[in-house]
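Residue-level listing of the chains:
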Protein chains: 4
Amino acid sequence: MLIIKINNNVSQTSIDRVRRKLSDEFGKYHEVSDGRGIVMIVTGYRSVANIGQFKRIEGVADVIHDFSGYYLAGRNYRSENTVVAVSGVCFGGIAIPVIAGPCGVESRTQIIETAEAVKKAGAVMLRGGAFKPRTSPYSFQGLGEEALEYLADARSRTGLPVVTEVIRAEDIGPVSRVADALQVGSRNAQNIPLLQALGRCNRPVILKRGMMMTLEEWLMAAEYILLSGNPNVILCERGIRTFESMTRNTLDIAAIPLLKQLSHLPVIVDPSHASGRRDIVPALCRAAIAAGADGMMIETHPQPNKALSDGEQAITHDTLKDLMPELKRFAETTGRSLW
Amino acid sequence: MLIIKINNNVSQTSIDRVRRKLSDEFGKYHEVSDGRGIVMIVTGYRSVANIGQFKRIEGVADVIHDFSGYYLAGRNYRSENTVVAVSGVCFGGIAIPVIAGPCGVESRTQIIETAEAVKKAGAVMLRGGAFKPRTSPYSFQGLGEEALEYLADARSRTGLPVVTEVIRAEDIGPVSRVADALQVGSRNAQNIPLLQALGRCNRPVILKRGMMMTLEEWLMAAEYILLSGNPNVILCERGIRTFESMTRNTLDIAAIPLLKQLSHLPVIVDPSHASGRRDIVPALCRAAIAAGADGMMIETHPQPNKALSDGEQAITHDTLKDLMPELKRFAETTGRSLW
Amino acid sequence: MLIIKINNNVSQTSIDRVRRKLSDEFGKYHEVSDGRGIVMIVTGYRSVANIGQFKRIEGVADVIHDFSGYYLAGRNYRSENTVVAVSGVCFGGIAIPVIAGPCGVESRTQIIETAEAVKKAGAVMLRGGAFKPRTSPYSFQGLGEEALEYLADARSRTGLPVVTEVIRAEDIGPVSRVADALQVGSRNAQNIPLLQALGRCNRPVILKRGMMMTLEEWLMAAEYILLSGNPNVILCERGIRTFESMTRNTLDIAAIPLLKQLSHLPVIVDPSHASGRRDIVPALCRAAIAAGADGMMIETHPQPNKALSDGEQAITHDTLKDLMPELKRFAETTGRSLW
Amino acid sequence: MLIIKINNNVSQTSIDRVRRKLSDEFGKYHEVSDGRGIVMIVTGYRSVANIGQFKRIEGVADVIHDFSGYYLAGRNYRSENTVVAVSGVCFGGIAIPVIAGPCGVESRTQIIETAEAVKKAGAVMLRGGAFKPRTSPYSFQGLGEEALEYLADARSRTGLPVVTEVIRAEDIGPVSRVADALQVGSRNAQNIPLLQALGRCNRPVILKRGMMMTLEEWLMAAEYILLSGNPNVILCERGIRTFESMTRNTLDIAAIPLLKQLSHLPVIVDPSHASGRRDIVPALCRAAIAAGADGMMIETHPQPNKALSDGEQAITHDTLKDLMPELKRFAETTGRSLW
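It should be emphasised that the depicted structure is a prediction, and the values quoted were computed from it without experimental measurement.

A. Representation of the pairing of strand E10 (residues 162-165) of chain D within the structure. All names here are of chain D. Taking every second residue as pointing to the same face, both faces of E10 are buried, with Val162 and Thr164 on one and Val163 and Glu165 on the other. With two bridges joining them, strand E9 (residues 125-127) and E10 adopt parallel strand pairing. Residue pairing for E10: arginine 127 is matched across the bridge by valine 163. With helix H4 (residues 145-158) bridging E9 and the parallel E10, this β-α-β connection has right-handed handedness. Of the strand pairs in this sheet, E10 and strand E11 (residues 181-184) are connected by three bridges, and their pairing is parallel. Note on E11: the bridge partner recorded for glutamate 165 is glutamine 183.

B. Representation of the relation of the copies chain D and chain C within the structure. Mapping chain D onto chain C leaves a residual RMSD of 0.0 Å; the transformation is a rotation of 180° accompanied by 0.1 Å of translation along its axis. What the superposition gives is, in effect, a two-fold axis relating one chain to the other. When C-alpha positions in chain D are compared against the rotation axis, the closest is assigned to D:Met212, at 2.9 Å. The residues that chain D uses at the interface reappear at the interface of chain C in 100% of cases, marking a shared surface.

C. Up close: the interface of chain D and chain C. In this complex, chain D contributes 33 residues to the contact, which on the side of chain C involves 33 residues. Carbon and sulfur atoms make up 59% of the surface buried where chain D meets chain C, a total of about 2,800 Å² over both sides. Along the contact surface separating chain D from chain C lie two salt bridges. Note that C:Glu217 and D:Arg241 form a salt bridge whose closest N and O atoms lie 2.7 Å from each other.

D. Up close: the side chain of A:Glu217. As for its placement among the helices and strands, A:Glu217 is situated in helix H7 (residues 215-227). Of the polar contacts made by the side chain of A:Glu217, one reaches the backbone nitrogen of A:Thr214; its length is 3.0 Å. Among all residues touching A:Glu217, those that are not within four sequence positions of it are A:Gln190, A:Met212, B:Thr135 and B:Arg241.

E. Spatial organisation of the pattern of salt bridges. Here the structure, examined in full by the defined rule, presents 92 salt bridges over all chains. Across the salt bridge formed by A:Glu237 and A:Arg209, the nearest N and O atoms sit 2.8 Å from each other. Remark: A:Arg209 occurs in the loop between strand E12 (205-208) and H7 and A:Glu237 occurs in strand E13 (residues 233-237); sequence separation between them is 28 residues. A:Glu237 sits in the buried class, given a relative accessible area of 0%. Under the relative-accessibility criterion, A:Arg209 is labelled buried at 0%. Here D:Arg248 ties to D:Asp310 by a salt bridge, and the two come within 3.2 Å at their closest N and O atoms. One end of the pair, D:Arg248, is in the loop between strand E13 (233-237) and helix H8 (255-262); the other, D:Asp310, is in the loop between strand E15 (295-299) and helix H11 (317-333), and 62 residues separate them in sequence.

F. Spotlight on the packing of aromatic side chains. For the structure on display, the rule yields 10 aromatic pairs over all chains. The aromatic ring of B:Phe54 is capped on one face by B:Lys21, whose charged end is 5.7 Å from the ring centroid.

G. Layout of the environment of A:Ala100. Residues and elements named next belong to chain A. Summarising the element assignment, alanine 100 is placed in strand E8 (residues 98-101). Along the primary structure alanine 100 and glutamate 299 are separated by 199 residues, whereas in three dimensions their C-alpha atoms are 5.6 Å apart. Not counting residues within four places of it along the chain, the set of residues in contact with alanine 100 comprises Val118, Ala123, Met125, Leu126, Arg127, Ile298, Thr300 and Leu320.

H. Representation of the relation of the copies chain D and chain A within the structure. When chain D is brought onto chain A, the operation consists of a screw motion whose angular component is 180° and whose axial shift is 0.0 Å, with 0.0 Å RMSD remaining. Interface overlap between copies: 100% of the residues of chain D at the interface are likewise at the interface in chain A, consistent with a symmetric, same-surface contact.

I. Seen up close, the environment of B:Arg168. Within the element layout of this structure, B:Arg168 appears in the loop between strand E10 (162-165) and helix H5 (172-176). The exposure class of B:Arg168 is partly exposed, given its relative accessible area of 34%. Spatially, the C-alpha atom of B:Arg168 lies 12 Å from that of B:Gly144, the residues being 24 residues apart in sequence. Residues in contact with B:Arg168, not counting those within four places in the same chain, are A:Pro193 and B:Leu194.

J. Here's a closer look at the sheet that holds strand E8 (residues 98-101) of chain B. Residue and element names in this part refer to chain B. In spatial order, the strands read E8-E9-E10-E11-E12-E13-E14-E15; together these eight strands close into a barrel with parallel pairing. Each strand of the sheet is rotated relative to its neighbour by a mean of 25°, with strand direction disregarded. Together, strand E9 (125-127) and E10 form the strand contacts of helix H4 (residues 145-158), whose direction differs from that of E10 by roughly 165°.

K. Here's a closer look at the sheet that holds strand E4 (residues 60-65) of chain A. Residues and elements named next belong to chain A. Reading across from one edge, E2-E3-E1-E4 is the order of the four strands in this open sheet, with antiparallel pairing throughout. Here the strands that pair on one side only, and so sit at the sheet edges, are strand E2 (30-34) and E4. Neighbouring strand axes in the sheet, compared pairwise and without regard to direction, differ in orientation by 20° on average. Inspection of the sheet shows strand E1 (residues 2-7) paired to E4 by five bridges, in the antiparallel sense. The partner of lysine 5 across the bridge, within E4, is aspartate 62.

L. Up close: the packing of helix H6 (residues 192-199) of chain B against helix H7 (residues 215-227) of chain B. Residue and element names in this part refer to chain B. Here H6 crosses H7 at 45°, and the two axes come no closer than 6 Å. The angle between H6 and H7 places the two elements in the oblique class. The way H6 lies across H7 gives a crossing that is right-handed. Contacts between H6 and H7 involve Ile192, Leu195, Gln196, Leu198 and Gly199 from the former and Ala221, Tyr224 and Ile225 from the latter.

Thresholds applied
Residues numbered from 1 in each chain as written. Chains lettered and ligands numbered in written order. Predicted model: local features only at pLDDT ≥ 70, side-chain atom pairs only at ≥ 80, totals over all residues. Heavy atoms only, no water. Buried < 20%, exposed > 50% of the residue type's maximum accessible area, 1.4 Å probe, protein only. Helix = DSSP H or I, 4+ residues; strand = E, 2+ residues; numbered from the N terminus. Pairing = 2+ DSSP bridges. Right-handed = clockwise from strand over helix to strand, strands pointing away. Least-squares fit on C-alpha atoms with pLDDT ≥ 70 in both. Contact = heavy atoms within 4.5 Å. Buried area = accessible area lost by both parts, 1.4 Å probe. Salt bridge = Lys/Arg side-chain N within 4 Å of Asp/Glu carboxyl O. Polar contact = N/O pair within 3.5 Å; in protein donor to acceptor, adjacent residues only side chain to side chain. Phe/Tyr/Trp six-rings, centres within 6.5 Å; stacked < 30°, edge-to-face > 60°. Lys NZ or Arg CZ within 6 Å of the ring centre and 35° of its normal. Axes fitted to C-alpha atoms, helices over the stretch in contact; angles between N-to-C directions. Parallel < 35°, antiparallel > 145°, perpendicular 65-115°, else oblique. Left-handed = near helix turned anticlockwise from the far one by under 90°.

In structure tokens:
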């Protein structure tokens, strides 16, 4: 790929000249504005040899080649860490936010009770599924719109920002009225039209790893969102599928330091889906923070054994309360803190 | 799950009585009409103990329990094989249809030339991607609407029915104007809203296996389509992801006889994605037919080395021509024939 | 690697001159005699640039570089197929031998009864484990020496050659007194000292694929045997471990055509371990032969449900009898026959 | 399985009476002496119903059923943690030992230089391969006997206990003259005769996980050693094989807390083989300790880029030196310390 960067202070005429030149030479190309200027990206074999020619055009700040397939998600584009703010809670900085909540919103009482417990324990953001894509059509599919209303209530009572999953592009609008961040679930991690629609919205996106996705493929999925204009992407490792059957998935702990090398995006960890069993969730949380995670997303439920979905992986509110000071100590041992 | 079956000849009053009873007892339930009557499906723990109670209701032909999670896709629902007809080409019967075509539609000439070669070789259906969900946003994403027009042209010139992939619910309408069957790709195999939308359309669906899907999960994905009202689902095995790196995926040949046991739906095989390399495509085709496949979907391209996507796995038109009589012999050895 | 070939008719003096030269230049090197002459193999970075220098030495027939890591197992060493004869039964030629028998030898009666059924069905070789490496120390570990005696009896009554597994180098001698071929099981596929000891014995070796082995790693395991002097190696695909849990392993059907390209060694298939369930064994047999397998190894037991090990994957003698004519038809469809 | 426990103070006559009874009833059974008495283990279906009958025999302290398949390795046998002492270095207690050293012993200088750096950094045990089972026969296979001599030298100069791998039962004797602990590598994790021979030796055993072994299978492999009489087994997680290709293996971090639940044996972690890349070894070390590991085994080399094997995963001596105080801080955060 050929990358052409234009700074903010360049005149419209100069910008248009570059655009025309690119059109003439290559036909199609991608264009993204970030705070610092415009990035134009050309793909295809003809793009390889043109560095010199474009460097000389007035207004062009830089021309580079990138062969990673995920330029905007990569360290070549941005060497410093990106900090993604979700209604005041920052992911990717020194402080580590903990998100907690149930797998699915089941009732007004359940989500409010949980939100209060989450807040009291010291977590700073609430999760809860309204639209739940389940393997079986006969499993609980979420309360949908109703759940959004309950989430809004929990949010206004506790002040906790909320993250919930979207599974259709047309839900982004309605969900955004309630949610401070939008989640892409594992099954939709390569749902390209959904990624592109999220790239055009103004909410931060938590992009879960597909259960069969390599790190490179995951960064390319993030690239779809970034390329569509939304720079606020948080990567969420949630385990990959392997032959080991004692855990629901295998937490790829190495993904954390590797992603931090390859990408400037924040990396958080979901130990609940990664394990599928609450008894080891605290150990996985400690490990994730020790490995450099920028945040945690933990499932908790007032009565895990009565949960309508994934109860076996939700910790109780008491466990969450005990876990938080422990995570604080581990964060501090890595030279960081909890948000 | 509690399954209640009502035959076609039952009066509306009796049907409504059952419906009311189910509503009163369980709240929500699923309802599907097939040619033979109505199937009502209740989930949840309370559904377990109610067989006797419903058996006695007038008009109820049968009440059964099913614990598979994919009742409509399973042999419990239908013991005989389902034959899915795609504009006159039948999948699931004695005769085995071969679908062939390029990964992506690249130009009018390319698809027409290919369609003619496909027809001449004896294959009976044309494949070709218009909307291509690619791992990288910088890869060729298909020609979109333009490709649909070219496919329509190829279809009308050769008379071959056409299958092409849909990646958004809103494309189902426009694509259906050209395509005789709609394909769900591996990355969308658990895109629930898409599956449900396809369940409400009147085109047969070719549902590819997700690259990390168990057979049970795949049948549950099919169940989403069936439960939404579309009985015409063809399963397409296309390889799963493993540690072996010499092939793009690992063709799960055992999936064929297993699915034929578990399900009444036709099972076809895509040896091109399963291997990612054209040199072993013929061997995989032979194996698939020997294992009991109900159809093949093979990638072919006029000039594989110049293909804009997945060229390394496309066979030449000449190879296809040589392969067809071979497949015929293998089909006959299994007591079947080529369509 | 640098490969130096010397023909059979070269004088001892010339051979010694080459040896001295190699010693002086590289220190250690490998030497293997095959029917046609001597092959000397030098590894290490210094070996790369020396083709010219060695080509000029008298008696040297050929000097080549090979970078595959499995030179002797590869097509570079031998372009024609190797035919491995096991007491008159040939693997790797036009005719395809079928091996059958129980997982483990359980009694004299059981193995004799099975041997007679195997012979009657038309299979040409008997399998049966005497030393069984089991996952749990509390599972049936085989009858050991006693089983060897029973195998000898079954062999002399039916005339069928016998293959059985060895799990320790020191057992090769005693086992060879009974067995016509020695099997390396999946768990020992990278037991290097065992492979090397088998390389020094005079019995053909059936080398099963390790359940986590890539094709390249498998060929390198075969290379250990070949390099130690035993050219009679048969590769046996028996499934690899994946996330799919409905089968014990996943039969990698693509391995068959790939190995036939990469290697001159015979490739046979064990559908019993590959599936772990007898209901799909016939379908996998048909597929394996269609894909080009050079032989089959099938588990059969007089009363599968009473077997002391792996009964769920053994077919009955009746199923075997029905299967053989079917395999014959498939073999003929590929232009081959059953042995 | 039926487990019969006899305390130490029971008379020989009583013991013999139980033995006779077991022989009469079941034929074969297993017997292990531990410090506290004798454990007799009977397998097979007939063992299920006999608890009452054996409880009444004089001298029998306890009779229990166990269905795990790894009784001696499990918490049912021993609820407190087992502490394995290797020449004074204890694994499984509060303090966490760090083992470090090169993949393979390459020369006297290399191993002595490394041993001194390892000691200076604060690690307490030296690793170094003498017999190296490599995938390819053309790779460096270790210096063998020569390496043992160098290890002995490094040991006597630094006082560090030494662990090295054995790949053949007959090497256990000679290697034990030098090594304080014996390692079973990943490829031999189900080499049953080797495990049994190690069960009969008097050296602690570090048992690496096979690269496709489930946790249950691993514990059953440990059971082979324990059942043969050696109670000193340390489990070493070293990554499993998955589809992710950016790391050599995938470190299964969840295995640590799970094994600590299932088993009383110490669990250590090898981050070098788990990742195959030195850049993330420190992060994996931190995570392993946070997850509850009882020890670390880290590869370090004076000049990693010149290593004869696995150099890309060895950290430099300087990195090791910097890492140790960091690990100390993490150990303390978990309420433990470094040994």
